[in-house]
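A structural walkthrough
Here are the chains, one letter per residue:
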Amino acid sequence: MTDPLVIFTPSGKRGRFPTGTPILTAARQLGVDLDSVCGGRGICSKCQVSPGYGQFSKHGVTVAPDALSEWNSVEERYDSIRGLPKGRRLGCQATVQGDVVIDVPPESQVHKQVVRKEVTARDIRMDPATRLYFVEVAEPDMHEPSGDLQRLSEALEAQWQTGPVSASLPLLRKLQPTLRAGNWQVTVALYQGHDDAAPRITDIWPGLYEGGLYGLAVDLGSTTIAAHLCDLRTGAVLAAGGRMNPQIRFGEDLMSRVSYVMMNPGGDLEMTRAVRDAINALAGEIAAEAGADPAMIVETVIVCNPVMHHLLLGIDPVELGQAPFALATSDSLALDGSDLDLAALHPAASVYILPCIAGHVGADSAAVALSEEPGKQDALTLIVDVGTNAEILLGNRERVLACSSPTGPAFEGAQISSGQRAAPGAIERVEIDPVSKEPRFRVIGCDLWSDGPGFDEATRATGITGICGSGIIEAIAEMRMAGLVDARGLNGSAEQTGSARMVPEGRTHSYLLHESSDGRRITVTQGDIRAIQLAKSALYAGARLLMDEFGVDKVERVVLAGAFGAHISPKHAMVLGMIPDAPLEHVRSAGNAAGTGARIALLNRAARAEIESTVHRITKVETAIAPKFQEHFVNANSLPHATDPFPELNRIVALPDLSFNTSGDGSEGGRRRRRRG
Ligand code: FES
């Protein structure tokens, strides 16, 4: 008689096992991913499986109703207390009695895939650095003297093959009472990094610990700090939130923060304290939202640009303000939460900071590279992370290049006359009729267009308060398509354009987008257009510099990353020449790719090793000293561009060919005026 055949799905792994073999044992021997925290003692319920009965022609087996042992008292007890879902068995209790097909549901897999919402994004394979282990420890014996930690370590090695473990002094203080309270059965949270260092005990509980175990993925930006609270067992995002970076009060952009440090001795310490306090507060807020204890956040991954990186770590960022932009370290960092005063987290929490690519291209770009994987693409892909600084990556399987470009805060609504941050009441979408030149728009917080019935009613509470970054891009692009602004970015007069909405403002003209009943006007001024031109020229010039370096004048795919990237309309971005010409169907938004990269590194140790080796293969291009940057910048000033053709754009949009410059010398209204950016 041959032994019964056990087939696992979805893995397809199969093998023959003697009658009476527990399913968990069969799974382990075949290398099937089946979870267990209690090591088969029937108390954790992590090993749940769904046996299938009947005929499985695909597998060539028929499973009899008695293919598994009968429901036993352990399962009975578990079911009566906690309830086992219908059709489920505990893999450590059910034994093989005949040929059987066993499905391992996703929640019973240790390395389950965390499915991401974005269609094109890869799923995350669960393999966090911190995991829970239930273990039975030998009691002390006078005849064989050894320490409690040594016996715990031996038990972990024997029952879970962890290798020798280490423990901090605070943990040692907790060890003896916990072992005794648990009657020599304890659960330990073990941190095992992606290097060869010995695993470290983060915490210990008597008996089986079934409480929460959390990780925090933080995207520390110059303007905002965004974070996701994740369940380290399932990978689920339990809550997400953000708050303003309090360092804004020291300077809106990075360089002004560096100069604050230069001018104010000790200013870096103030900024370090401010950002650490903000992360603590954010962790508390997000945990509260999820109904979780922030003190059970045992791991944090942080991604940030180089200046934020240094300010968070308490390193003077002054070297980053001047060539050659030397980082104190570009390597990844594995720290303790206490090193960064992250007191809201678990006292033994670990912090992982992704590596930086170079002095201007930080761990946030590394996180984008981890999330978007330009080096694994066949198509030449340009990834633009638009914020106060634009981080740009260009690459394919051959190689990947990176640079950053100082776009300034105009894309976020700053430096714009009616500009505001993206908040309810801000105009975010704009359309201008090419014939009547009349606008219609939508505001954040309302799904209706401004010319539709019910709009006034629906926006009464928020009002129409200003225009946000994506709104100003659409407004200017629509003005360009409607012939209200020319290729050089010059607004026409009412006479030149035939639109009474072009209102004089000093020597220039502004487009009247909205006037509220109390006379408050939202206009797109000549200054607004100049501010956007400067920002977009910096962005385009950075991308163009990378294309030069790559030896191409066309890209195949464009990915817009960053919170703002998620809201930009690709067509309008291309009309303005923010991004190089590309087939519109190949321009997509990746949302907060840096935040996603942080989440990947939080949930998967191998991803940390992967990005550490990837950053070494990314070639950094320095925009500040590149002689061609200025030339590209000047040419990119036009809408969409002075010299580069935009054939893909021209296929879908016919841009009016006009000039509102009446003086013939390239100036505005007869006088050359320059605005300060
Ligand atoms: Fe814990 Fe089966 S392994 S209940």
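Placed above this text is the structure.
Just so it is clear, the structure is predicted and the values come from calculations on it, not from any experiment. (Residues numbered from 1 in each chain as written. Predicted model: local features only at pLDDT ≥ 70, side-chain atom pairs only at ≥ 80, totals over all residues. Heavy atoms only, no water.)

**As for the overall build of the chain**
- On a plain count of helices and strands, the chain comes out with 18 helices and 31 strands.
- Burial status across the chain gives 56% buried among its 677 residues.
- Expressed as a percentage of contacts within the chain between residues at least 6 apart in sequence, the contacts between residues at least 24 apart total 66%.
- Accessible surface for the chain amounts to roughly 28,200 Å². Of this, 50% is attributable to carbon and sulfur atoms.
- Each charge class in the chain was averaged separately, 64 positive and 81 negative side chains, and the resulting centres sit 2 Å apart. (Helix = DSSP H or I, 4+ residues; strand = E, 2+ residues; numbered from the N terminus. Buried < 20%, exposed > 50% of the residue type's maximum accessible area, 1.4 Å probe, protein only. Contact = heavy atoms within 4.5 Å. Areas by Shrake-Rupley, 256 points an atom, 1.4 Å probe, with all protein chains shown as cover. Lys, Arg positive; Asp, Glu negative; His and termini not counted. Charge placed at Lys NZ, Arg CZ, Asp CG, Glu CD.)

**A word on the packing of helix 8 (residues 363-372) against helix 15 (residues 593-603)**
- At a minimum axis distance of 7 Å, the contact between helix 8 and helix 15 shows a crossing angle of 75°. One finds that helix 8 runs roughly perpendicular with respect to helix 15. Only Ala593, Ala594, Thr596, Gly597, Ala598, Ile600 and Ala601 of helix 15 make contact with helix 8, whose side of the interface consists of Asp364, Ala367, Val368, Leu370, Ser371 and Glu372.
- Here the residues of the contact of helix 8 with helix 15 sort into eight nonpolar, three polar and two charged. (Axes fitted to C-alpha atoms, helices over the stretch in contact; angles between N-to-C directions. Parallel < 35°, antiparallel > 145°, perpendicular 65-115°, else oblique. Nonpolar A, V, L, I, M, F, W, Y, C, P; charged D, E, K, R; others polar.)

**Brief notes about the sheet that holds strand 30 (residues 587-591)**
- Taken in spatial order, the six strands make up an open sheet running 30-29-20-21-22-31, and their pairing is mixed. The open sheet terminates on both sides in strands that have one partner only, identified here as strand 30 and strand 31 (618-620). Between one strand and the next, the sheet's axes are offset by a mean angle of 20°, whatever the strand orientation.
- Note: strand 22 (residues 400-405) against strand 31, three bridges, orientation parallel. (Pairing = 2+ DSSP bridges.)

**Thoughts on the pairing of strand 12 (residues 185-191)**
- Taking burial as the measure, the seven residues of strand 12 include six buried ones, the bulk of the element.
- Strand direction decides the pairing type here: strand 10 (residues 130-136) and strand 12, joined by seven bridges, are antiparallel. Each residue of the ladder has a partner; that of Phe134, found in strand 12, is Thr187.
- Of the pairings in the sheet, the one linking strand 12 to strand 13 (residues 200-206) comprises six bridges and is antiparallel in character. Looking across to strand 13, one finds that Ala189 is bridged to Asp203.

**Section: helix 1 (residues 23-30)**
- Those residues of helix 1 that fall on the buried side of the exposure criterion are Ile23, Leu24, Ala26 and Ala27. Within helix 1, the buried residues cover an arc of 160° as seen down the axis, which keeps them to one side.
- Looking at the packing, one finds that the buried side of helix 1 touches strand 1 (5-9), strand 3 (48-52) and strand 7 (100-103).
- Immediately downstream of helix 1, the backbone of Gly31 shows phi near 75°, a positive value. (Arc of directions from axis to C-beta.)

**With respect to the nonpolar core**
- Counting 87 residues, the largest nonpolar core has Leu220, Ile302, Leu312, Leu340, Ile353, Leu354 and Ile611 as the members making the most contacts within it.
- If you tally residues by element for this core, the top one is helix 6 (residues 267-290), at nine residues.
- In this structure Ile353 touches Ile302, His309, Leu312, Leu313, Ser332, Leu333, Leu335 and Leu340, once residues within four positions along its chain are discounted.
- In this structure, Leu394, Ile473, Val555 and Val587 belong to the second largest nonpolar core, which totals 70 residues. (Core = buried A, V, L, I, M, F, W, Y, C linked by side-chain atoms within 4.5 Å.)

**Some words on the packing of aromatic side chains**
- Scanning the model with the defined rule gives five aromatic pairs in all.
- When the ring of Trp205 is compared with that of Tyr209, the centres are 3.8 Å apart and the planes differ by 10°; the resulting orientation is stacked. As far as the burial class goes, Trp205 and Tyr209 line up, both buried.
- The ring of Phe550 is capped by Arg399, whose NZ or CZ atom sits 5.1 Å from the centre of that ring.
- Arg440 extends its terminal NZ or CZ atom over the ring of Trp449, reaching a point 4.3 Å from the ring centre. (Phe/Tyr/Trp six-rings, centres within 6.5 Å; stacked < 30°, edge-to-face > 60°. Lys NZ or Arg CZ within 6 Å of the ring centre and 35° of its normal.)

**Some details on the sheet that holds strand 28 (residues 521-524)**
- Read from one edge of the open sheet, three strands run 26-27-28, paired in antiparallel fashion. Pairing within the sheet leaves two strands with one partner each, and these edge strands are strand 26 (502-505) and strand 28. Each strand of the sheet is rotated relative to its neighbour by a mean of 50°, with strand direction disregarded.
- The pairing of strand 27 (residues 508-515) with strand 28 spans four bridges and is classified as antiparallel. In the strand pairing of strand 28, Leu512 is matched with Thr523.
- Strands in contact with helix 10 (residues 469-481) are strand 26, strand 27 and strand 28; relative to strand 28, the strand with the most contacts, it is inclined by about 60°.

**Describing the environment of Ser436**
- Its place among the elements puts Ser436 in the loop between strand 23 (426-432) and strand 24 (439-443).
- Judged by its relative accessible area of 39%, Ser436 falls in the partly exposed class.
- Residues Ser436 and Gly207, spaced 229 residues apart in sequence, show a C-alpha to C-alpha distance of 75 Å.

**Some remarks on the pattern of salt bridges**
- Under the criterion given, the structure shown has 28 salt bridges.
- Measuring nitrogen to oxygen at the nearest pair gives 2.7 Å for the salt bridge that ties Arg180 to Asp148. Here Asp148 lies in helix 3 (residues 148-160) and Arg180 lies in helix 4 (residues 169-181), a separation of 32 residues in the sequence.
- On the basis of relative accessibility, which here comes to 6%, the residue Asp148 falls in the buried class.
- Note that Glu474 is salt-bridged to Arg429, the shortest N-O span being 3.1 Å. Of this pair, Glu474 sits in helix 10 while Arg429 sits in strand 23, placing them 45 residues apart in sequence.
- Residue classification places Glu474 among the buried positions, given a relative accessible area of 1%.
- Residue class for Arg429 comes out partly exposed when judged on its relative accessible area of 27%.
- Each of the salt bridges in this network shares a partner with another, and the network as a whole consists of Asp148, Arg151 and Arg180. (Salt bridge = Lys/Arg side-chain N within 4 Å of Asp/Glu carboxyl O.)

**Re the packing of helix 3 against helix 4**
- For the pair helix 3 and helix 4, the least separation of the axes is 10 Å and the interaxial angle reads 70°. The pairing of helix 3 with helix 4 is recorded here as roughly perpendicular in orientation. Contacts from Asp148, Leu149 and Leu152 in helix 3 reach Leu172, Leu175, Gln176, Leu179 and Arg180 in helix 4.
- Tallied by class, residues from the contact of helix 3 with helix 4 come to five nonpolar, one polar and two charged.

**Points about unusual backbone geometry**
- Here Thr9 and Pro10 are connected by a cis peptide whose omega angle stands at 5°.
- Here Pro10 is to be found in the loop between strand 1 and strand 2 (14-16).
- Put simply, Leu639 and Pro640 share a cis peptide bond, and its omega is 5°.
- Within the secondary structure, Pro640 is located in the loop between helix 17 (627-635) and helix 18 (647-652).
- In this structure, Phe325 takes a positive phi of about 55° despite not being glycine.
- Structurally, Phe325 can be placed in the loop between helix 7 (306-313) and strand 18 (333-336).
- Phi angles above zero are rare outside glycine, and Lys437 is one such case at about 65°.
- Assignment of secondary structure puts Lys437 in the loop between strand 23 and strand 24.
- Looking at Lys437, the relative accessible area reads 13%, which means it is buried.

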